[in-house]
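# Architecture and fold: a report
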Amino acid sequence: MSRHRFVRGITKEALDDEDYFEDEYYDEENEEESYSKPARTAPAPKSVPQKQGKGAQSQPPSSTAKGGPPPTAKGKPTTKNNPPPTTTKTTTPSAKPPAQKGSTTNATANTPKATPTPKSSTSTTPTATVTSAPTTASTTTEVTPSKLTVEDSPAQPTPNPEHRLDPPAEQTEHPLSSASATEATVSTTTHNVSQHSSSRHDQLLKLLQTKQTDAKEAISLVTVGHVDAGKSTTMGHLLCLLGHVSAQTMHRYERDSAAVGKGSFAYAWVLDAHATERARGVTTDVAVTHLETPKHRVTLLDAPGHRDFVPNMISGASQADAALLVVHAGTGEFEAGFMGDGQTREHALLTRSLGITQLIVAVNQMDKVSWSKERYDQITTALTGFLRKAGFRDNAYKFVPISGLSGENLVKRVEPKLSAWYNGPTLVECIDQLNVSERARESPFRLSASDVYKVGSGICVGGKIDTGIVGVNDKLLILPSNELVTVKSIWSSQLQTEVSGAGENVDLTLHGAELTALSVGSVLCDPASRIPLVRRFIAQILTFTLDIPITNGMQAILYAHNLSASVTISRLCCIIDRATGTVTHKRPRALSEQVTAEVEISVDASVSLCLDEYSACKSLGRFTLRAAGKTIAGGVIKKILSTH
């Protein structure tokens, strides 16, 4: 909880990952000097500032530390006997939500705890200066990376993914809004430990193979589409039909939604748990829940459709293996989402640029057009041509007519008007037909944190394992904070397990680090195989619809996995012909829309971004660029030029 193909003119051969992205098209012979990698230098010692004063806020105590149950997220109703399905809102770096009781992103969560050191002007201890993003209180401290001391710790309570953050009232794309893109001089201290021994690795692989033989295949599915297309209602109703929501809970949602004049939003409240979402009737953050079909164990990510929350949608789509694109069948509603600046078009492009190759297109609210076959054919024809240009292969997407509110054709088909002309699969059958891609379990461990919260005496990190495997008692390194931790327990699909592998959405309970060492966008990796902290890299991008051409020195917001940061397109290297893969123009002055090019991108020197080359880790080597509230390009990292 992803490969890269883009819009027009790409041949069938060019759609192959290896052929299209691993070939070197740029003539490096004439640019050898600019491509050379500068030598690494250790950061200069810095003086130790004073500790925080009395004005600094403190983390509110967790009820689990006293033996009580984990705190429940603010605004999310639960029932004692029949709780609703566990739903988690993943946080994104585009805006900081307000602090609340039990929240992990108050002032202290963004401010590392000061570590006292002897006052000496000749100290050589490498340090890391961390400054909170401009959206929070400006507090600077110095932390000295310490080695992990493994101690016996009390049994950890069950991680509660509901312990999450309220969404912001509105999203803003601040140049340094990422929680992980903190201003820092990163420590170069090397930890001489590995994640686990080779014999333990072989043992974990055998356990993982046994686990997969006995269980259903795990797959992550993100729902995307234009606002008010009915995404949350459709998935909430599907959860009810599959037995994941009790009748008592559903009755309460129906009663409460009708009391505030939003009776048709009852099923959407299954996923829209925040008070602000229910009051506005708009999904603002990514809800994470789980369901099971006859074939798959599905991690469902319900992404927002409003254009103000596209950064949140990017975060959700970056964790998915496949996408469910929901479109409105109503006359005028489909055109509003598909034409102009509608999110149907942008979301489809974003999912493809983030590596999603499988797509289900649910034509929703067909009951409002009397299950008209003509209207269904009109919509599918318009979308087919667009999806082909976006890079989806003909056998990689399916259309299915549904009604999310009535439940027609979600699990079964009973409407005579629909059965008269449609005999295809239901929505659940379409989900079961999705293929699970090959997992990179032999690669070094990588996990990008999409949620961070405290449980008892430890901290819990939620996210999708990008590569590798992880087992209980493994040692992991948190970057960019450079802290060592020990994995005390692993939870996958709300079940505790001893081992998990690439492709699974998990919650890891960690011991050995403070909560301030982690934030959304941090990456957990094998200490013996650190992920680079990138400052400058060469990327291959494809431009989308542009208001102005891309030129040297243009600034944009880079989004990759769960982080974002301000970057500069410092050099336009060349333009590439998408059909042949040859360089057609070196050192262009500008890039127009629908152009494939190689560019050099520079990250602010004070920002630490955990990224990797596409050839090493596909999910951490992809990114999108946005400027002025619009997505202008998507790309992959071909070569890292300099790191912290």
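Residues numbered from 1 in each chain as written. Predicted model: local features only at pLDDT ≥ 70, side-chain atom pairs only at ≥ 80, totals over all residues. Heavy atoms only, no water.

## What about the pairing of strand S8 (residues 322-328)?
- In terms of burial, S8 is a largely internal element, 7 of the 7 residues being buried.
- Here S8 shows two buried faces, one formed by Ala322, Leu324, Val326 and His328 and the other by Ala323, Leu325 and Val327.
- Pairing geometry for strand S5 (residues 217-224) and S8, over 4 bridges, is parallel. Counted as the bridge partner of valine 224 is leucine 325 from S8.
- Where S8 meets strand S9 (residues 358-364), 7 bridges bridge the pair, whose relative direction is parallel. Across the sheet, alanine 322 pairs through a bridge with glutamine 358, a residue of S9. (Buried < 20%, exposed > 50% of the residue type's maximum accessible area, 1.4 Å probe, protein only. Helix = DSSP H or I, 4+ residues; strand = E, 2+ residues; numbered from the N terminus. Pairing = 2+ DSSP bridges.)

## A closer look at the state of the cysteines
- One pass over the structure, following the stated rule, counts 0 disulfides.
- No disulfide involves cysteine 574; its sulfur sits 6.2 Å from the nearest other cysteine sulfur, which is in cysteine 573. (Disulfide = S-S within 2.5 Å.)

## Some words on the pairing of strand S10 (residues 397-401)
- For S10, the tally of buried residues reaches 4 of 5 residues, placing the bulk of the element in the interior.
- Two strands pair when backbone bridges link them, and S9 and S10 are joined in this way by 5 bridges, in the parallel orientation. When the sheet's bridge partners are listed, leucine 359 is paired in S10 with tyrosine 397.
- For the segment spanning S9, helix H10 (residues 373-389) and S10, crossover handedness is right-handed. (Right-handed = clockwise from strand over helix to strand, strands pointing away.)

## Examining the pattern of salt bridges
- Counted by the stated rule, this structure contains 13 salt bridges.
- The partner of glutamate 346 in a salt bridge is arginine 626, with the nearest N and O atoms 2.8 Å apart. Pair noted here: glutamate 346 is in helix H9 (residues 343-353) and arginine 626 is in strand S28 (residues 622-627), with a separation of 280 residues, a long-range link.
- What makes glutamate 346 buried here is its relative accessible area of 17%.
- One connected set of salt bridges, linked through shared partners, spans Asp321, Arg439 and Lys464. (Salt bridge = Lys/Arg side-chain N within 4 Å of Asp/Glu carboxyl O.)

## Observations regarding the confidence of the model for the chain
- Across the chain, pLDDT averages 75, with 70% of residues at or above 70.
- Every residue in residues 90-157 scores below 50 in pLDDT, and together they form 176 contacts with partners more than four places removed in sequence or on other chains.
- Within the model, the stretch residues 160-186 combines pLDDT values under 50 with 135 contacts to residues more than four positions away or in other chains. (pLDDT = per-residue confidence, 0-100. Contact = heavy atoms within 4.5 Å.)

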